[in-house]
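Descriptive analysis of the structure
Residue strings, one per chain:
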Amino acid sequence: MRVPLRWLSEYVDLTVDPKELARRLTVAGAEVGEIITSGTWDNIVVGHVEKVEKHPDADRLVLATVSTGTETHRVVCGAPNVKAGQNIAYAEIGARLIDGHTGEPTKLKKSKIRGVESEGMICSEKELGISDEHTGILVLPDNATVGQLIRDVIGDTIFDIEVTANRPDLLSILGVAREVAALTGQKWRDPPLEYPESKSPAKKFIKVEIMDPDLCPRYIASIVENVTVGESPPWMQERLIAAGMRPINNVVDITNYVMLELGQPLHAFDYDKVRGKKIIVRRAEPGEKLRLLTEDEDRTLSPDMLLICDAEGATAVAGVMGGGDSEVSPQTKTILLEAANFNGPSVRRAAQVLKIRTDASTRFEKGLSRDLPAMGTARAMKLLVELCGGKAAEGHVDVYPRKAKEQRVTLTMERLARVLGLDLPTSQVRTVLTSLGFTCRWVPPAHFIVRVPYWRTDVSIADDVIEEVARIIGYDQLPTSMLRGAIPAWIPQPLTELRERVRNVMADAGMQEVITYSMTDLESLAKVLPREELAINKPLRIANPLSRQFEYARTTLRHNLLQTLAANIGGTQNLIELFEAARIYIPREDDLPHEVETLTGVLSGRHPDRWGQPTGPEADFYDAKSRLEFLFTDRRVQTDYRDANDFAYLPGRTAEVFVRDTRIGIVGQVHPRVATGFDINRDVVMFEVDLEALLPHVPEGVEYKPISPYPPVEQDLAIIVDADVPAARAIEIIKGSPLVAAVRTFDVYTGDPIPAGKKSLAFAITYQSPKDTLTDADVAKQRTKILERLKRDLNAELRT
């Protein structure tokens, strides 16, 4: 909300510096995001056009003689609206302006135009940086002092206020004035509302019927006859421009002006175009169409949209935008003024579906007071009578099926002291609330009955009132106090703790963490999951998706990691390692989805050499497996790997991860078909771990094993087994020996002289005793027992 301080000062006296005022507003909750200072123009003054002559060598140019009070200058000008007797903005040589053609800042220099030297420039609004208007010069009020600096005439300081969703009252100049008054100890002034009425009752001109009062609690229709549609007065145009709006004509400008001034959106219809002289407020019918003001094609409306209709059809989408059929034009003579209250969520949904966001919808969707339309009507009618030469019909047609009850809140001093941490005198509480427009009635011995003003729709409970007291006193004035009461008992969350530990471990392993959106689309999921699975277990669709790309809750992290990888590959072969530990959402029939904590990682690219260049081997299955082993070792979990097939993985290079008989994950090379679907043209390996399935197998507490003071003995052992025997099975048997401290596979070999259908597995075994130093005989004895178990369980033979 842009708030020009010149306009604001009409409703409240500004007694503090703008920067200090901005600070106070921000601390009180009305954050001033930016202070915009217009009118900092140097060498630009008020000039008076004494006479206008034709240019001797150009039909579209004129020579204007401009007086600055002490001097006169001849200026070449091409604006069609320059006339003798006008006060204008005259820029002297050296003035800094905005180029009217390029929009770039420029410095005015002496120049000859068609052979005639121009001693300066008569400026348009665009050249002054006020607006984009460049068709004519800016004409200043007749009472402007010739020779006075322009910044003293039309310059202003503008607050750009970031309005929170619960404070629609701050989307108005008067609403901000009330805040300023409370913060500076002043009183605000309401704008005048009285205007003369004719003896023709408004109810004779128009009838109003509300068919859906749940979406339209109130509708006021007023009539103004004999209006003259034309330009708004300069003062109104200046205020609208300063507030960020483009002037259109006096009727439309008045509706916008009142909306900015009071916060009540209004709409003006050409009364003669209202068919049947009746307004009907109803939901749209299926397939109903309407052409909106700014568009060339009809829009198809949905039944949850509220429409403003006449006797023959729709004329506007309530709270969003009017239609073209009843638009005010220069030929309009009678105005039907609409001031209504619409359901906020309904307006918001309609604006989202139509992809139209207007100043009116922004206000309605936040929830406006039902009392505001009456004030907005009176103010707009007064301006229409004064500025358009109109004649107001007597009264209004005010359809108000269910009047809102006055909001009253009981505030106890005990609750006030508990929340704020200090005891305030009742007089101070009353002063603060009264300054904001609340009415307080003290009820002995210890509470107030507070009447909430109509414009504060966000206040409904005692703590809301306490917040008002706190922010006006100043949060920085509240005392610091220690926490009181018992500290809540710690509630263990083992799954969350495991996820956080996993994140740290994967980062320690050298991988980069990413965070992706929880929402996705079916096309992305279909790249990594079989379509049959998506058809059977269709992901949960979001009721109000932001876009088609974020329409469904993800059931896997695969596509997110692959999309991120594709976006970061570029043209290099650098090794990229990414992971994410987050939730996926598995659908359940007639219930909310099951939220599963999942770890997914991807690796792709070549390992760096000693100089950091990507010339080493490509990341493969064993790189992905090593990252998992790093995790499982940290969590002290024993796993084994079994051959597997999966839609997204390459057969023969994929393994499922098991803890005992529980499947906890999968690791392998991404199928080239899947990688190509993400525009990845190199090998990618990926792993996934179900943290929820892993959790029961993670030992609790810390396992302590004393370090043996005796030296280890390392020996290699090579065996021949069937080709389908996994190395992990042999390792499990070897680790069954009480003297084996560690074992690792360092070679797998097939081919001559190994028999067909067989393979050679070579292990490095570390023997160590916690009690004494091992002898060769001790090691040989354990080695013999290990070979016997391998022979018995795996039919293994010692390779010689």
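Quick summary incoming for the structure in this document. (Residues numbered from 1 in each chain as written. Predicted model: local features only at pLDDT ≥ 70, side-chain atom pairs only at ≥ 80, totals over all residues. Heavy atoms only, no water.)

**A short note on the overall build of the chain**
Within the chain, the regular secondary structure consists of 21 helices and 42 strands. Expected size for 800 residues packed as a compact globule is a radius of gyration near 28 Å; at 39 Å, the chain overshoots this value by more than 25%. Across its three principal directions, the C-alpha atoms of the chain cover 120 × 85 × 60 Å. Relative to its 800 residues, the chain shows a buried fraction of 49%. Of the accessible surface of the chain, which amounts to about 40,900 Å², a share of 49% is contributed by carbon and sulfur atoms. For the chain, the distance from the average site of its 99 positive side-chain charges to the average site of its 115 negative ones is 2 Å. (Helix = DSSP H or I, 4+ residues; strand = E, 2+ residues; numbered from the N terminus. Rg over C-alpha atoms; globule rule 2.2 N^0.38 Å. Buried < 20%, exposed > 50% of the residue type's maximum accessible area, 1.4 Å probe, protein only. Areas by Shrake-Rupley, 256 points an atom, 1.4 Å probe, with all protein chains shown as cover. Lys, Arg positive; Asp, Glu negative; His and termini not counted. Charge placed at Lys NZ, Arg CZ, Asp CG, Glu CD.)

**Some remarks on the state of the cysteines**
Applying the stated criterion across every chain, the model contains zero disulfides. In this model Cys 216 remains outside any disulfide bridge; the closest cysteine sulfur is found in Cys 309, 11 Å from its own. (Disulfide = S-S within 2.5 Å.)

**Points about the sheet that holds strand β1 (residues 2-4)**
Read from one edge of the open sheet, three strands run β1-β13-β2, paired in antiparallel fashion. Whereas interior strands pair on both sides, the edge strands pair on one side only; in this sheet they are β1 and β2 (31-38). When strand polarity is set aside, the average angle formed by the axes of neighbouring strands in this sheet is 25°. Note: β2 against strand β13 (residues 156-162), seven bridges, orientation antiparallel. When the bridges of β13 are listed, Val 32 appears paired with Ile 161. (Pairing = 2+ DSSP bridges. Axes fitted to C-alpha atoms, helices over the stretch in contact; angles between N-to-C directions.)

**Description of the pattern of salt bridges**
Overall, the coordinates contain 48 salt bridges when judged by the stated rule. With a closest N to O distance of 2.6 Å, Arg 357 and Glu 365 form a salt bridge. For Arg 357, a relative accessible area of 53% gives the class exposed. The shortest N-O distance in the salt bridge between Glu 597 and Arg 583 comes to 3.1 Å. Here the residue Glu 597 occupies a position in strand β34 (residues 591-604), and Arg 583 occupies one in strand β33 (residues 576-588), the gap between them amounting to 14 residues. (Salt bridge = Lys/Arg side-chain N within 4 Å of Asp/Glu carboxyl O.)

**As for the packing of aromatic side chains**
Evaluation of the coordinates by the stated rule reveals nine aromatic pairs. Centroid distance Trp 442 to Phe 448: 4.9 Å. Interplanar angle 65°. Geometry classified as edge-to-face. For Trp 442, a relative accessible area of 28% translates into the label partly exposed. A residue is classified by how much of its surface remains accessible, and Phe 448, at 0% relative accessible area, is buried. Seen in terms of ring centroids, Tyr 454 and Trp 455 are 5.1 Å apart; in terms of plane orientation they differ by 85°. Their pairing is edge-to-face. (Phe/Tyr/Trp six-rings, centres within 6.5 Å; stacked < 30°, edge-to-face > 60°.)

**With respect to the packing of helix α13 (residues 494-508) against helix α17 (residues 621-634)**
How two helices sit against one another is set out by the angle between their axes and by the gap between those axes. Contact geometry for α13 and α17: axes closest at 10 Å, N-to-C directions at 130°. Taken as axis vectors, α13 and α17 run oblique relative to one another. For the pair α13 and α17, the sense of crossing is right-handed. Packed against α13, whose contacting residues are Arg 501, Val 502, Val 505, Met 506 and Asp 508, the element α17 presents Arg 627, Phe 630, Leu 631 and Asp 634 at the interface. Here the residues of the contact of α13 with α17 are counted per class, giving five nonpolar, no polar and four charged. (Parallel < 35°, antiparallel > 145°, perpendicular 65-115°, else oblique. Left-handed = near helix turned anticlockwise from the far one by under 90°. Contact = heavy atoms within 4.5 Å. Nonpolar A, V, L, I, M, F, W, Y, C, P; charged D, E, K, R; others polar.)

**Concerning the pairing of strand β41 (residues 758-767)**
Across the 10 residues of β41, nine count as buried, placing the element largely inside the fold. Bridge count for strand β39 (residues 713-722) against β41 is 10 bridges, and the pairing is antiparallel. Residue pairing for β41: Asp 716 is matched across the bridge by Ala 764. Both strand β40 (residues 740-749) and β41 contribute to a ladder of eight bridges, which runs antiparallel. Its bridge partner being in β41, Arg 744 is matched across the sheet by Ala 764.

**Some remarks on the environment of Glu 285**
Position of Glu 285 relative to the elements: it lies in the loop between β18 (278-283) and β19 (289-290). Separated by 22 residues in sequence, Glu 285 and Leu 307 place their C-alpha atoms 9.5 Å apart.

**Structural notes on unusual backbone geometry**
Cis rather than trans, the peptide bond between Pro 444 and Pro 445 has omega equal to 10°. One can find Pro 445 in the loop between β28 (439-443) and β29 (447-451). Asp 752 connects to Pro 753 through a cis peptide bond whose omega is 10°. Structurally, the position occupied by Pro 753 is in the loop between β40 and β41. Of note, the phi angle at Asn 43 is positive, near 60°, even though the residue is not glycine. With respect to the helices and strands, Asn 43 occurs in the loop between β2 and β3 (44-54).

**A look at helix α5 (residues 234-242)**
For α5, the set of buried residues is Met 236, Gln 237, Arg 239, Leu 240, Ile 241 and Ala 242. Looking at the buried side of α5, the elements it contacts are β1, α1 (5-8), α3 (125-128), β13, α6 (250-262) and α9 (372-388). In the segment just after α5, Gly 244 is the residue with positive phi, at about 95°.

**Considerations on the environment of Ile 586**
Mapped onto the secondary structure, Ile 586 falls in strand β33. Taking the C-alpha atoms as reference, Ile 586 lies 48 Å from Pro 755; in sequence the two are 169 residues apart. With sequence-adjacent residues up to four places away left out, Ile 586 is seen in contact with Thr 555, Pro 593, His 594 and Val 596.

**What about the pairing of strand β5 (residues 72-77)?**
In the sheet, strand β4 (residues 62-67) pairs with β5 via six bridges, with the strands oriented antiparallel. Within β5, the position partnered with Val 66 by the bridge is His 73.

**Digging into the nonpolar core**
Membership of the largest hydrophobic core comes to 77 residues, with the highest contact counts inside it found for Leu 8, Phe 159 and Val 429. At eight residues, the largest contribution of residues to this core is made by helix α4 (residues 173-184). Apart from the residues within four sequence positions on either side, Val 429 is in contact with Leu 411, Met 413, Leu 416, Leu 424, Phe 448 and Val 469. One finds Ile 279, Cys 309, Ala 340 and Val 399 within the second-largest nonpolar core, a separate group that totals 45 residues. (Core = buried A, V, L, I, M, F, W, Y, C linked by side-chain atoms within 4.5 Å.)

**Regarding α17**
Taking 1.5 Å of rise per residue, the 14 residues of α17 would be expected to cover 20 Å, and the 20 Å separating its terminal C-alpha atoms lies within 8% of that figure. Within α17 the residues assigned to the buried category are Phe 621, Asp 623, Ala 624, Arg 627, Leu 628, Leu 631 and Phe 632. The first or second residue beyond α17 is Arg 636, which carries a positive phi of 55°. (Expected span 1.5 Å × (residues − 1).)

In short, shape yes, function no, at least from these values alone.
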